[in-house]
Amino acid sequence: MGAQIAVVIPSLGRPSLRKAVATARSQDGVDSDVVVVVADPEAERDVRAQLDGLPARVVVAPTRITGGAARNLGVHSSSAQFIAFLDDDDWWEPTKLASQLPVAEDLVARGHAVVGTQAVFHATDGRVRIIPAEPLRAGGDVADHLLRRSRIRFGQGFIQTSMLLMDRALAIAEPWNPALRRHQDWDLIIRTINRPDTEFAMVRKPLVHIMQGSAHSVSVSPDWQASLEWLCAVSDAVSGRARSDFITAVALRSALAARDRHGVLQALRTLRHAPHAAAVIVGASGVLRRR
C-alpha cells in the first residue's frame, strides 16, 4: 500500500532544505512520501548533497521552472490521496500531518478538502510570534479575507504554502499557476475555496514554522508590477476596499522599497476606494526598506 500523503517540496538547494525534509520525514503516525522537486537541473548536485542520508525522493525538472510548476510536477509524481506542500526554508512540528489528516478525510467524504494550520512566524530580527489565522469561509469573501489589511500586523487572513494539505484530485483539478512570480498561495486558495465542491478547515494549533525574508525568497522582492498583474487577474473576486488594501500594503510598499517612482504613481492611480488606515501605514513603511 502506498503512502497516504505526499509532501511536495520545491527547491534549488538552499541549506535549509535538509531541516525541512527532516521534519517532513519525522511526522508522527503518518505514512508519507517526501518528494523534493529540483526546479532547476543545474541545482541537482546541491539538492542531493543537502539530502545525503535522508530518505526522500528527488524529481528533477528538465529545465528551470517556477515554484508553482515544481509543485505541480511533485503532485503528478505521486499517487498519494493527499498532498501537503512545504517550502524548503520552513519546517513542521511532528504532529502537523497527523492533526490535519483526519480533518481532511472527513471533508473529502463530501467533496474536496483544503486544510490549514496556525503558524509560528520567524522574523529576520529574531522575533517569533504565532499567526492567529481566522477560519476561512467558502464563498465570494475568500479573496477579501486574504487581501484586506485592517490591522497593521498581518495574520487574521494569513495563509501560506507550508500550511496547506489538500486531496490530490483537487490539486490536479486546480494546479498552481506556473506563470506567477508572486502570490501563488493566495491564488491557489482563492480558486480552490471558491469551488462549490470544496470545504476549508483550520487546525487551530501552531504546527508550521515560517521564515521571513530567507535568501532568494520571492516574497521579499520589491516586484510591484507582478502584484498588480495578479490583482487584475483575480479582481472579480475582490471587493473595492480589500483591493485598495492590497494595492497599498503590497504593491505600493514594494514600489516605495524599490524607489520606483513609476510604480508608486501606478499603484496610486489604481486606487478606487479608501484603504484601511493600517494598510496605509504598512504601505508607507516601504520607504524604510532598502532596495
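Notes on the structure in this doc start here.

Conventions used here
- Residues numbered from 1 in each chain as written.
- Predicted model: local features only at pLDDT ≥ 70, side-chain atom pairs only at ≥ 80, totals over all residues.
- Heavy atoms only, no water.
- Core = buried A, V, L, I, M, F, W, Y, C linked by side-chain atoms within 4.5 Å.
- Buried < 20%, exposed > 50% of the residue type's maximum accessible area, 1.4 Å probe, protein only.
- Helix = DSSP H or I, 4+ residues; strand = E, 2+ residues; numbered from the N terminus.
- Contact = heavy atoms within 4.5 Å.
- Phe/Tyr/Trp six-rings, centres within 6.5 Å; stacked < 30°, edge-to-face > 60°.
- Lys NZ or Arg CZ within 6 Å of the ring centre and 35° of its normal.
- Arc of directions from axis to C-beta.
- Pairing = 2+ DSSP bridges.
- Salt bridge = Lys/Arg side-chain N within 4 Å of Asp/Glu carboxyl O.

What follows concerns the nonpolar core. Among the nonpolar cores identified, the biggest contains 82 residues, and Ile5, Val7 and Ile9 are the most heavily contacted of them. Here this core takes eight residues from helix 9 (residues 240–257), the largest share from any one element. Sequence-distant contacts of Ile5, defined by excluding residues within four places in its chain, comprise Val30, Asp31, Ser32, Asp33, Ala80, Phe82, Ala84, Leu97, Leu101 and Leu165.

With that out of the way, let us pick up unusual backbone geometry. Located in the positive-phi region is His183, a residue other than glycine, with phi close to 60°. The phi angle at Arg259 is positive, at roughly 55°, despite the residue not being glycine. Examined against the element boundaries, Arg259 turns out to sit in the loop between helix 9 and helix 10 (261–269).

A few words now on the environment of Arg25. Checked against the element boundaries, Arg25 lands in helix 1 (residues 17–25). For the pair Arg25 and Val38, spaced 13 residues apart in sequence, the C-alpha separation works out to 18 Å. Ignoring anything within four residues of it in the chain, the contact list for Arg25 reads Ser32, Val34 and Pro55.

Moving on, we come to the side chain of Ser32. Along the chain, Ser32 turns up in strand 2 (residues 32–38). Not counting residues up to four positions away in its chain, the partners in contact with Ser32 are Ala3, Ile5, Val7, Ala24, Arg25 and Leu97.

With that settled, the discussion passes to the environment of Val58. Looking at where Val58 falls in the secondary structure, it is placed in strand 3 (residues 57–60). Counting along the chain gives 90 residues from Val58 to Arg148, while the straight-line C-alpha distance between them is 38 Å. Residue contacts for Val58: discarding those within four places in its chain leaves Val36, Val38, Arg48 and Leu51.

All chains considered together, the criterion is met by four aromatic pairs. On the numbers, 5.1 Å between centres and 80° between planes, the contact of Phe85 with Trp176 is edge-to-face. With a gap of 91 residues between them, Phe85 in strand 4 (residues 82–85) and Trp176 in the loop between helix 6 (168–173) and helix 7 (184–193) connect regions that are remote in the sequence. For Trp176, a relative accessible area of 2% translates into the label buried. Members of the aromatic cluster, each reached through a chain of ring pairs, are Trp186, Trp230 and Phe246. The ring of Trp91 has Lys19 sitting right over it, with the charged end atom 3.7 Å from the ring centre. It is Arg71 that lies over the ring of Trp176; its NZ or CZ is 4.6 Å from the centre.

Burial in helix 1 covers these residues: Leu17, Ala20, Val21, Thr23 and Ala24. Within helix 1, the buried residues cover an arc of 165° as seen down the axis, which keeps them to one side.

This part is about the pairing of strand 4. Residue alternation in strand 4 divides its side chains into two sets, Phe82 and Ala84 and Ile83 and Phe85, and both sets are buried. Strand direction decides the pairing type here: strand 1 (residues 5–11) and strand 4, joined by four bridges, are parallel. The residue bridging Ala6 from the neighbouring strand is Ile83, located in strand 4. Where strand 4 meets strand 8 (residues 165–167), three bridges bridge the pair, whose relative direction is antiparallel. By the bridge assignment, Ala84 is partnered in strand 8 with Leu165.

Here the focus is the pairing of strand 2. Of all seven residues that make up strand 2, seven are buried, and the element is covered over most of its length. Neither face of strand 2 is exposed, since Ser32, Val34, Val36 and Val38 on one face and Asp33, Val35 and Val37 on the opposite face are all buried. Sheet topology places strand 1 next to strand 2; seven bridges connect them, and they run parallel. The partner of Ile9 across the bridge, within strand 2, is Val36.

With the rule as written, the count across this model stands at 13 salt bridges. Residue Asp88 is joined to Arg14 by a salt bridge in which the shortest nitrogen-to-oxygen separation is 2.6 Å. Of the two residues, Asp88 is situated in the loop between strand 4 and strand 5 (91–92) and Arg14 in the loop between strand 1 and helix 1; the sequence distance between them amounts to 74 residues. Of the two residues examined, Asp88 and Arg14, each falls in the buried class.

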